Amino acid sequence: MSGRRTELVDLPVTFERPLRLFTYIIGHSQVLFRSEPDSDAELPTTLEILFTDVGALSIRDHYQSLTIRLATGPEEEQLRAADERPWHDWRAFILESEPGSNSHVIAGGLFWAESPAPASYSSFLIPTYDLPQFHPDRPLPPEPSTIYAPYPRGGNA
């Protein structure tokens, strides 16, 4: 992974492209969304969004566009009341696609990156996990040069 770095950024972040649930790895508590290249829509890259250390979620399998933000105080209180387990390092991420249809993911981490990886490639954010579409006989695509993660502020936005 030479030349790869992680850049911390503030939330909210908006992705103006279709995303779909690509995989949910229950044993590793990971949820991966993907938007594949679409030359007609002038989207030449593959975008992946990965939630790690997932404790709870209520998501859709497809988003036409997506904004991810941290939960407000009242939203987080409501989510904590619904799941009384200790949250430790979890944060409440709100997934907004259209008014009135918010989803959420309670997770310890959030990462996203874009790459010229083809649609047939397994995943560049979780390459150690053998996803169903992995083809070891094909060459590996270039890794993204930057991976983004929200800057941990320790409080709500």
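Residues numbered from 1 in each chain as written. Predicted model: local features only at pLDDT ≥ 70, side-chain atom pairs only at ≥ 80, totals over all residues. Heavy atoms only, no water.

The subject of this paragraph is the overall build of the protein. Scanning the protein for helices and strands turns up one helix and 12 strands. Reading the helices (α) and strands (β) of the protein from amino to carboxyl end gives β-β-β-β-β-β-β-β-α-β-β-β-β. Going through the 157 residues of the protein one by one, you find that 43% of them count as buried. Contacts spanning at least 24 positions in sequence make up 65% of the contacts within the protein whose residues lie at least 6 apart. In the structure as shown, the protein presents an accessible area of about 8,800 Å², 50% of it carried by carbon and sulfur atoms. (Helix = DSSP H or I, 4+ residues; strand = E, 2+ residues; numbered from the N terminus. Buried < 20%, exposed > 50% of the residue type's maximum accessible area, 1.4 Å probe, protein only. Contact = heavy atoms within 4.5 Å. Areas by Shrake-Rupley, 256 points an atom, 1.4 Å probe, with all protein chains shown as cover.)

Let us now look at the pattern of salt bridges. Under the definition given, this model contains nine salt bridges. One salt bridge in this structure joins Arg20 and Glu36, with 2.9 Å as the shortest N-O distance. On the criterion of sequence distance, the pair formed by Arg20 in strand S3 (residues 19-25) and Glu36 in the loop between strand S4 (30-35) and strand S5 (46-52) is long-range, its members being 16 residues apart. Of the charged contacts in the structure, one is a salt bridge between Glu96 and Arg69, with a shortest N-O distance of 2.7 Å. Of the two residues, Glu96 is situated in strand S9 (residues 91-96) and Arg69 in strand S8 (residues 66-70); the sequence distance between them amounts to 27 residues. For Arg69, a relative accessible area of 16% translates into the label buried. In this structure, a network of salt bridges that share partners links the residues Arg20, Arg34, Glu36 and Glu48. (Salt bridge = Lys/Arg side-chain N within 4 Å of Asp/Glu carboxyl O.)

Bringing the pairing of strand S11 (residues 109-115) into the picture now. By the criterion of burial, S11 is predominantly enclosed, with five of the seven residues buried. Both S5 and S11 contribute to a ladder of seven bridges, which runs antiparallel. Its bridge partner being in S11, Phe51 is matched across the sheet by Leu110. (Pairing = 2+ DSSP bridges.)

This part covers the packing of aromatic side chains. For the coordinates displayed, the defined rule picks out six aromatic pairs. Each ring, one from Phe15 and one from Trp112, has its centre 5.8 Å from the other, and the planes form 80°; the classification is edge-to-face. You can see Phe15 sitting in strand S2 (residues 13-15) and its partner Trp112 sitting in strand S11, a full 97 residues away along the chain. Ring geometry for Trp87 versus Trp90: centroids 6.4 Å apart, planes at 65°, classification edge-to-face. Here Trp87 falls in the buried class, since its relative accessible area comes to 4%. Judged by relative accessible area, which is 13%, Trp90 ranks as buried. Of the aromatic side chains, those joined through ring pairs into one cluster are Phe33, Phe51, Tyr63 and Phe93. A cation over an aromatic ring shows up here: Arg34 above the ring of Phe22, its NZ or CZ 4.2 Å from the ring centre. (Phe/Tyr/Trp six-rings, centres within 6.5 Å; stacked < 30°, edge-to-face > 60°. Lys NZ or Arg CZ within 6 Å of the ring centre and 35° of its normal.)

A few words on the environment of Thr23. Residue placement: Thr23 occurs in strand S3. It is 9.9 Å that separates the C-alpha atoms of Thr23 and Ser123, two residues lying 100 residues apart in sequence.

A sheet is described by the order of its strands in space; here five strands give the open sequence S2-S8-S9-S10-S6, paired in antiparallel fashion. Every interior strand has two partners, whereas the edge strands, S2 and strand S6 (56-58), have only one. Looking at each pair of strands side by side, their axes are set apart by 20° on average, direction ignored. The pairing of S9 with strand S10 (residues 103-107) spans five bridges and is classified as antiparallel. (Axes fitted to C-alpha atoms, helices over the stretch in contact; angles between N-to-C directions.)

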